[in-house]
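Per-entry structural report
Take a look at the letters that make up each chain.
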Amino acid sequence: MVIAIDGPAGAGKSTVARALAHELGFTYLDSGAMYRCVGLLSLAAPASEPAALARAAAIDLVPSQADGPPRVLLDRHDLTEQIRAPEVSEAASLVAADPGVREALVAKQRELIASGDWVAEGRDVGTVVAPDAALKMFLTADPHERARRRAAELGADADTVFVEQGLRDERDRTRAHSPLRPAPGAVELDTTGLEVAEVVARIVALARAAAST
Ligand code: C5P
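Note that this is a predicted model, so its numbers are computed, not measured.

1. Side note on empty space enclosed by the protein
Rolled over the atoms, a probe as big as a water molecule pinpoints where empty space is left. All told, the structure shown has one cavity of 30 Å³ or more when counted by the stated rule. Of the voids in this model, the largest cavity is the one considered here, and its volume is about 270 Å³. Taken together, 22 residues make up the lining of the largest cavity; nearest its centre are Gly32, Tyr35, Arg36, Arg123 and Arg168. The dominant element in the lining of the largest cavity, judged by the number of residues it contributes, is helix 2 (residues 31-44), at five residues.

2. What to know about the site of the ligand
Close contacts around the ligand come from 16 residues, with Arg36, Arg102, Asp124, Arg168 and Asp172 the closest. The contact in question runs from an oxygen atom of the ligand to an N or O atom on the side chain of arginine 123, over 2.9 Å. Arginine 175 places a side-chain nitrogen or oxygen 2.9 Å from an oxygen atom of the ligand. Compared with its free state, where it exposes 450 Å², the ligand has 99% of that area covered by protein. For the ligand, the cavity whose grid points lie within 2 Å of the majority of its atoms is the largest cavity. Those elements that place two or more of their residues in the shell around the ligand are helix 2, helix 4 (86-95) and helix 8 (158-174). With four residues, helix 2 is the single largest residue contributor to the shell around the ligand. Tallied by class, residues from the shell around the ligand come to three nonpolar, four polar and nine charged.

3. Regarding the sheet that holds strand 8 (residues 187-190)
Pairing is parallel in the open sheet, where five strands are placed in the order 2-6-1-7-8. In this open sheet, the two strands that pair with only one neighbour each are strand 2 (27-30) and strand 8. The sheet shows a mean angle of 20° between the axes of neighbouring strands, direction not considered. Both strand 2 and strand 6 (residues 118-122) contribute to a ladder of four bridges, which runs parallel. Residue pairing across strands places leucine 29 opposite alanine 120, the latter belonging to strand 6. Contacts from helix 9 (residues 196-211) reach strand 1 (2-6), strand 7 (135-140) and strand 8, with the element oriented near 160° to strand 7.

Cut-offs used in this document
- Residues numbered from 1 in each chain as written.
- Predicted model: local features only at pLDDT ≥ 70, side-chain atom pairs only at ≥ 80, totals over all residues.
- Heavy atoms only, no water.
- 1 Å grid on protein atoms, 1.4 Å probe; cavity = no way out; pocket = protein on both sides within 12 Å on 5 of 7 lines; lining within 4 Å.
- Points joined across faces, edges and corners; volume = space filled by probe spheres on them.
- Helix = DSSP H or I, 4+ residues; strand = E, 2+ residues; numbered from the N terminus.
- Near = heavy atom within 4 Å.
- Polar contact = N/O pair within 3.5 Å; in protein donor to acceptor, adjacent residues only side chain to side chain.
- Areas by Shrake-Rupley, 256 points an atom, 1.4 Å probe, with all protein chains shown as cover.
- Sits in = over half its atoms within 2 Å of the grid points.
- Nonpolar A, V, L, I, M, F, W, Y, C, P; charged D, E, K, R; others polar.
- Pairing = 2+ DSSP bridges.
- Axes fitted to C-alpha atoms, helices over the stretch in contact; angles between N-to-C directions.
- Contact = heavy atoms within 4.5 Å.

So this is what it looks like as structure tokens:
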């Protein structure tokens with residue numbers, strides 16, 4: 001069974017998806033980590049074709065034992081921390097607009113989730129990667145709250161994060177290929193003011209209902 005969780009940056013997707021996967025005993029797929037790996041590669045090799053980098057990238061997402069963040073390996077190097085740098089967020093969002101990059105990464109993601117039980121999180125999981133997912137969620141939150149959450153995670157200034165996040169959201173929403181939008185049939189949930197446990201409990205209830213139909 002696949003549960004797809006999409007939404008803009010800071011809507012709570014990663015925290016919720018990890019906790020949900022832990023609770024249900026599913027594997028967590030952070031599709032954004034793959035775009036971040038290609039973004040990092042594009043910074044290191046600016047003259048290269050992003051789609052070729054995406055096809056060649058040997059990305060391994062190693063699930064963590066508890067509900068902590070999984071490790072992200074690129075060519076066997078652990079880049080879990082590096083890919084979270086603000087310049088990599090920007091580079092990821094730029095390469096993510098390239099149709100060749102998307103094609104290569106969507107193929108890797110589909111291969112991963114073809115068997116087993118997954119909570120897959122990103123921007124296009126419900127619309128493109130797994131349109132037949134048993135449950136599709138679209139998480140949103142007030143933009144100021146989203147910026148506050150991201151800033152707290154990064155130890156950065158909330159106003160700076162608010163501006164950068166706004167630019168990234170706009171790019172993700174307006175790109176020609178797989179723009180960020182709720183999938184048909186997705187359940188939209190505004191997480192503003194909600195505790196993580198509350199959001200997870202609501203999704204668990206929806207997942208149980210979906211599994212029994
Ligand atoms: O989710 P995260 O912030 O790590 O994603 C980084 C960037 O990767 C996003 O801003 C978006 O441009 C891109 N992305 C995407 N499709 C996904 C996941 C992430 O385009 N499924």
